[in-house]
Amino acid sequence: MSGEVTESRERVQVNGYAQANGGIIKNPIDEKFSNIGAALGGEVSYKGTYLRGEAGVGTALSGKLEAGHEFDLGKNFGLDLSAKAQAVKSLKANSLTTTFDTRTSGTIAVENGATGEYENVPFSLGRFHQERSTWKPGENRVGVQAELTYQNDIVKLGLGVEGGMRKSTSPDIDHQFTNNESIEFSINGGKPEKVELNAAYSYQKNQNIRTGYITPTVSAEVKFGKNSNFSFVANGDMYQGQAGIRYTF
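Because the structure is a prediction, the values reported are computed rather than measured.

(A) Local environment of the packing of aromatic side chains. Summed over all chains, the structure comprises 4 aromatic pairs. Summarising the aromatic geometry, the rings of Tyr 213 and Tyr 239 are spaced 6.1 Å apart at their centres and angled 85° between planes, so their arrangement reads as edge-to-face. Taken together, the positions of Tyr 213 in strand 13 (residues 210–223) and Tyr 239 in the loop between strand 14 (230–236) and strand 15 (240–248) put the pair 26 residues apart, joining distant regions of the chain. We note that Tyr 213, like Tyr 239, is buried. Centroid distance Phe 230 to Tyr 247: 4.9 Å. Interplanar angle 55°. Geometry classified as tilted. Note that Phe 230 is positioned in strand 14 and Tyr 247 in strand 15, a separation of 17 residues in sequence. On the basis of relative accessible area, Phe 230 is assigned to the partly exposed category, the value being 40%. Judged by its relative accessible area of 33%, Tyr 247 falls in the partly exposed class. Taken together, Phe 230, Tyr 247 and Phe 249 form an aromatic cluster joined through their ring pairs. The ring of Tyr 50 has Arg 52 sitting right over it, with the charged end atom 3.8 Å from the ring centre.

(B) Representation of the pairing of strand 10 (residues 155–168) in the model. Taken together, the 13 bridges between strand 9 (residues 138–151) and strand 10 define a ladder with antiparallel strand orientation. Directly across from Gly 143, in strand 10, lies its bridge partner Gly 164. Counted along the chain from strand 9 to the antiparallel partner strand 10, the turn is 3 residues long. Relative to strand 13, strand 10 runs antiparallel, the two sharing 13 bridges. Paired with Gly 158 across the strands is Ser 219, a residue of strand 13.

(C) Here's a closer look at the environment of Gly 164. Along the chain, the position of Gly 164 falls in strand 10. Residues Gly 164 and Tyr 213, spaced 49 residues apart in sequence, show a C-alpha to C-alpha distance of 5.5 Å. Discounting residues that sit within four places of it in the chain, Gly 164 has contacts with Val 142, Gly 143, Thr 211, Gly 212 and Tyr 213.

(D) Looking closely at unusual backbone geometry. Backbone geometry places Asp 30, a non-glycine residue, at a positive phi of 65°. Tracing the sequence through the fold places Asp 30 in the loop between strand 1 (13–26) and strand 2 (32–34). For Asp 30, a relative accessible area of 55% puts it in the exposed group.

Calculation rules
Residues numbered from 1 in each chain as written. Predicted model: local features only at pLDDT ≥ 70, side-chain atom pairs only at ≥ 80, totals over all residues. Heavy atoms only, no water. Phe/Tyr/Trp six-rings, centres within 6.5 Å; stacked < 30°, edge-to-face > 60°. Helix = DSSP H or I, 4+ residues; strand = E, 2+ residues; numbered from the N terminus. Buried < 20%, exposed > 50% of the residue type's maximum accessible area, 1.4 Å probe, protein only. Lys NZ or Arg CZ within 6 Å of the ring centre and 35° of its normal. Pairing = 2+ DSSP bridges. Contact = heavy atoms within 4.5 Å.

Printed below as a string of structure tokens:
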């Protein structure tokens, strides 16, 4: 690595940053939700070993923790091995609407008490139901990552692979409707005739799912100048992506 980067690895480094960013996340049940807002983070490092943390708020609440070591491979290249944990919860709700419609009409043969004859009497019967469920989607993740990095005084790029466990934090949905109705007809005091309508509807959706994952990863940090505290940052994998502007202090 360059002389300045190598020298900085030989002493304890403590850095903090503020960041404005935007991104999107797809959890294990394929719910997509945005993560747009601001974040505060920091890093403590010594001789390539580091501990990083970040907390963010906006369209989602997020927290990240990462610990690892970057091995110097020479010629500005490195190998970054790390373990990480992440939790994200959307502040914007998703929804599911279920509809239950039990409406019917027709005729019924009813005996006329005066004449003893049957008459076709029209009827209409039914009810309309609708239920709406809302929830805030989210994801928890733990994993390990190996990343090949390239770094100089202006830019740091990374390309790697990550694997671990992902878990959706969206609640399971269980809708169940039952409908029991009847209507009676009596003409001219005759024997009442009764029509019954019994119906049921149910809907279950399993949303609290845990699954293993493995994904390629990319990352980049580009300073706005060699001595600038501002930089463009971006990272992504198959399930999430984020980009933003960072101020390091």
